[in-house]
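Listed below are the residues making up each chain.
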Amino acid sequence: MKVLIIKISSMGDIIHTLPAVTDASNIVPNILFDWIVEETFSDILRWHPGIHQIIPINLRFWIKKWYKLSSWKKYRECCIQLKKKYDVIIDAQGLLKTSLLVTCMTCGKKHGMDYMSVREPMSSLFYHERHYSNKNQHAVERIRQLFSLSLKYPIPSYIGKYNIEHLFPPQKHHTPYLIFFHSTTKFEKLWTELNWSIIAQYAINAGYCIKLPFWTKSEELRTNRLARLHCNQIIILPKLTLQEIAIQISGATAVISVDTGLSHLTAALGCPNITLYGPTNPKLIGTYGQNQIVLRSSTKKMQHLTPIHVWKSLQKILNLKYI
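Residues numbered from 1 in each chain as written. Predicted model: local features only at pLDDT ≥ 70, side-chain atom pairs only at ≥ 80, totals over all residues. Heavy atoms only, no water.

Q: Give me unusual backbone geometry: which residues, what numbers.
A: Omega for the peptide link from Ser9 to Ser10 comes to -10 degrees, which places this bond in the cis form. Within the secondary structure, Ser10 is located in the loop between β1 (2-6) and α1 (11-27). Positive phi outside glycine occurs at Asn30, with the angle close to 55 degrees. Mapped onto the fold, Asn30 is located in the loop between α1 and β2 (32-38). (Helix = DSSP H or I, 4+ residues; strand = E, 2+ residues; numbered from the N terminus.)

Q: Describe in detail the environment of Arg76, supporting the description with residues and values.
A: Inspection of the secondary structure assignment puts Arg76 in helix α4 (residues 69-81). It is 16 Å that separates the C-alpha atoms of Arg76 and Glu39, two residues lying 37 residues apart in sequence.

Q: Please provide a residue-by-residue account of the pattern of salt bridges, values included.
A: A full pass over the atoms with the stated rule returns 9 salt bridges. For Arg46, the salt bridge identified is with Asp43, shortest N-O distance 2.6 Å. Highlighted residues: Arg46 and Asp43, both in helix α2 (residues 42-46), separated by 3 residues, approximately one helical turn. The shortest N-O distance in the salt bridge between Arg144 and Glu141 comes to 3.3 Å. Of this pair, Arg144 and Glu141 both sit in helix α6 (residues 139-151), 3 residues apart, which is roughly one turn of the helix. For Arg144, a relative accessible area of 1% translates into the label buried. A residue is classified by how much of its surface remains accessible, and Glu141, at 22% relative accessible area, is partly exposed. The structure contains a network of salt bridges with shared partners spanning Asp23, Glu141 and Arg144. (Salt bridge = Lys/Arg side-chain N within 4 Å of Asp/Glu carboxyl O. Buried < 20%, exposed > 50% of the residue type's maximum accessible area, 1.4 Å probe, protein only.)

Q: Can you break down the packing of helix α7 (residues 193-205) against helix α8 (residues 217-229) residue by residue, with the values?
A: For the pair α7 and α8, interaxial distance at closest approach is 10 Å and the crossing angle is 40 degrees. Compared by their axis directions, α7 and α8 come out oblique. Where α7 crosses over α8, the two elements pack in a sense that is right-handed. Contact with α7, carried on its side by Glu193, Trp196 and Ser197, involves Arg222, Arg225, Leu226 and Leu229 of α8 and no other residues of that element. Taken together, the residues of the contact of α7 with α8 break down into 3 nonpolar, 1 polar and 3 charged. (Axes fitted to C-alpha atoms, helices over the stretch in contact; angles between N-to-C directions. Parallel < 35°, antiparallel > 145°, perpendicular 65-115°, else oblique. Left-handed = near helix turned anticlockwise from the far one by under 90°. Contact = heavy atoms within 4.5 Å. Nonpolar A, V, L, I, M, F, W, Y, C, P; charged D, E, K, R; others polar.)

Q: Can you explain the packing of aromatic side chains? Please cite residues and give values.
A: The final tally for this structure, using the stated rule, is 6 aromatic pairs. Between the aromatic rings of Trp191 and Trp196, the centroid separation amounts to 5.0 Å while the plane-to-plane angle is 85 degrees, which identifies the pairing as edge-to-face. Exposure remark for Trp191: the relative accessible area of 3% places this residue in the buried category. Between Tyr202 and Trp311, the ring centres sit 6.1 Å apart and the planes meet at 50 degrees, which makes this aromatic pair tilted. Of the two residues, Tyr202 sits in helix α7 while Trp311 sits in helix α12 (residues 307-318), which places them 109 residues apart along the sequence. As far as burial versus exposure is concerned, Tyr202 and Trp311 are alike and both buried. Among the aromatic residues, those joined into a cluster by ring pairs are Phe180, Trp191 and Trp196. Above the face of the Tyr158 ring, Lys161 is positioned so that its terminal group lies 5.2 Å from the ring centre. The ring centre of Tyr177 lies 3.9 Å from the NZ or CZ of Lys211, which sits over that ring. (Phe/Tyr/Trp six-rings, centres within 6.5 Å; stacked < 30°, edge-to-face > 60°. Lys NZ or Arg CZ within 6 Å of the ring centre and 35° of its normal.)

Q: Please set out a nonpolar patch on the surface residue by residue, giving values where relevant.
A: Taken together, the side chains of Trp66, Tyr67, Leu69 and Trp72 make up a nonpolar region of the molecular surface, amounting to roughly 550 Å² of accessible area. With respect to the element layout, Trp72 can be found in helix α4. (Patch = residues over 30% accessible without salt bridge, like charges linked within 9 Å, V, L, I, M, F, W, Y side chains within 5 Å. Areas by Shrake-Rupley, 256 points an atom, 1.4 Å probe, with all protein chains shown as cover.)

Q: Help me get a handle on α7, residues and values and all.
A: In this model, α7 (13 residues) spans 18 Å end to end at C-alpha, consistent with the 18 Å of a helix rising 1.5 Å per residue. What α7 keeps buried is the set Asn195, Trp196, Ser197, Ile199, Ala200, Tyr202, Ala203 and Ile204. Residues of α7 that are buried in the fold lie against β7 (177-181), β8 (209-212), α8, β10 (254-258) and α12. Downstream of α7 by one or two residues, Gly207 has phi in the positive range, about 95 degrees. (Expected span 1.5 Å × (residues − 1).)

Q: Account for the environment of Glu193, naming residues and giving values.
A: Within the fold, Glu193 resides in helix α7. Put simply, Glu193 and Thr223 are 30 residues apart on the chain and 9.4 Å apart in space, counted from C-alpha to C-alpha. Residue contacts for Glu193: discarding those within four places in its chain leaves Arg222, Arg225 and Leu226.

Q: An account of the sheet that holds β8 is requested, with residue identities and associated values reported.
A: In space, the 6 strands of this open sheet follow the order β9-β8-β7-β10-β11-β12, with parallel pairing throughout. The sheet is open, and its two edges are formed by β9 (234-236) and β12 (292-296), each paired on a single side. Taking the axes of each pair of neighbouring strands and ignoring which way they run, one obtains an average angle of 20 degrees across the sheet. Packing of helix α10 (residues 261-268) onto the sheet brings it into contact with β7, β10, β11 (273-277) and β12, and relative to β11 it is tilted by some 150 degrees. (Pairing = 2+ DSSP bridges.)

Q: Tell me about the pairing of strand β5 (residues 107-113), residues and numbers included.
A: Counting buried positions over the 7 residues of β5 gives 5, a clear majority of the element. Pairing geometry for strand β4 (residues 85-91) and β5, over 4 bridges, is parallel. Within the sheet, the bridge partner assigned to Ile90 lies in β5 and is His111. With helix α5 (residues 96-101) bridging β4 and the parallel β5, this β-α-β connection has right-handed handedness. Pairing of β5 with strand β6 (residues 129-131), which is carried by 3 bridges, proceeds in the parallel orientation. Bridged to His111 within β6 is Glu129. (Right-handed = clockwise from strand over helix to strand, strands pointing away.)

So this is what it looks like as structure tokens:
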């Protein structure tokens, strides 16, 4: 059976889809998955043994530069690739723009969530078969249910398995370290630099080194400010690929993160992780898996999550003793 998955972005959404691929790969004989995805995130799919072919696209760029002839040429090339015949097509994105620009260009029986279940109800008009999925479930379970209904198999009763952690086995280091994923795209999801500095001191006092990644200029400036306060105990990582950051996560004792795609990658790799939430409801799209603790501010404001509360929560999964 040849199946096409449409789940283009974001990083967290893509990672949330992996357990469904694991379920189907283990249950349905001779199933082959192709996956259309934003090129930025294609490395993640290469880690999963159930993915046969990856079809990378740059949909965000094409939409942003829709007025350029080169964008239309690239889009046309992608549409030609999508003319391959599939037994089943699963649109797990649930967005109208994806249905219009991608799903309707594919050849095969199209499945997706129904009008009541999908993120943008109009997108369901492009599916041949529409399936109900309770919106009060976590995103991972919703997608597992969509795959099971589309491919006609029972959902396994156990927790979903990402099936990528075997590529990044935990590494032992002379000096144990924590990673702080301190950056995210939305300002209201950021934790204050003062709070990061305080918890960094707790970790240093407990014998840990801290690693800080960055990718943008503003993130680099933030890491530099934090590093200056804790000179030799903070390591600023260079700009890393997804493969390289996954290796860093696998070697970490634990991670403290805000609501970002990398927190979901940490969960997929099974690394102990405290994820901090403010405005986002983590019951629906929070980190999913073993060794994961979700902390949400009761006021939905990040500044009201205190460093001591976060540190005590970290101790619960690491059995640390802070002096």
